[in-house]
Amino acid sequence: MIELQKSIKDQHQNLTALQQVLESELHLISSRDAEALITLLKTKEALLDSIQSQDKIIESIYLKTSPEEQQNEEIVSLLKHAQELVKQCEFRTKINQTAVEQGQLRLEHLRNILLESRAKESMTYDKSGKTRGRASGGSFSA
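This report concerns the structure included in the present document. (Residues numbered from 1 in each chain as written. Predicted model: local features only at pLDDT ≥ 70, side-chain atom pairs only at ≥ 80, totals over all residues. Heavy atoms only, no water.)

**Some details on the side chain of Glu 25**
- Tracing the sequence through the fold places Glu 25 in helix α1 (residues 2–31).
- Judged by its relative accessible area of 7%, Glu 25 is buried.
- Apart from the residues lying within four places of it in its own chain, the contact partners of Glu 25 are Leu 37, Leu 40, Leu 41, Lys 44 and Asn 96. (Helix = DSSP H or I, 4+ residues; strand = E, 2+ residues; numbered from the N terminus. Buried < 20%, exposed > 50% of the residue type's maximum accessible area, 1.4 Å probe, protein only. Contact = heavy atoms within 4.5 Å.)

Structure below.
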């Protein structure tokens, strides 16, 4: 039972570290620091791998323990706390996903504005006074 408690507490530390990484990730998304974000994502990936392997360890130990030990008040409490930490991490991940999506929408909007501006700059009029796009190039006709 002590081994199970220690494994769950180790998982708490991993999940708490993941929460901190997710907070940092949101900050980097907001500040658009791509290089730091890539470095952080590598750290996040390693942490997620660690969490996954720790889950397997906990499951293995849990299945080996007796039903009485599984229902131990401290074990149940530790597992509930771990589940709460996972839910908090999921919530933070959704927030980060929304921030990324909003950033992509802003970039797409900016791209469209630049394309419209470029199209307006190349707009010209023909002899009848109708607008038409001018081919980009420096050719002149006499």
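**Some points on helix α2 (residues 34–64)**
- In this model α2 runs 45 Å from its N-terminal to its C-terminal C-alpha over 31 residues, within 8% of the 45 Å that 1.5 Å per residue would give.
- Looking at the buried residues of α2, the elements they touch are α1. (Expected span 1.5 Å × (residues − 1).)

**Digging into the pattern of salt bridges**
- Applying the stated criterion across every chain yields a total of five salt bridges.
- Glu 25 is the salt-bridge partner of Lys 44, the closest N and O atoms lying 3.2 Å from each other. Placement of the pair is Lys 44 in helix α2 and Glu 25 in helix α1, with a sequence separation of 19 residues.
- In this structure Lys 44 comes out as buried when scored by relative accessible area, which is 16%. (Salt bridge = Lys/Arg side-chain N within 4 Å of Asp/Glu carboxyl O.)

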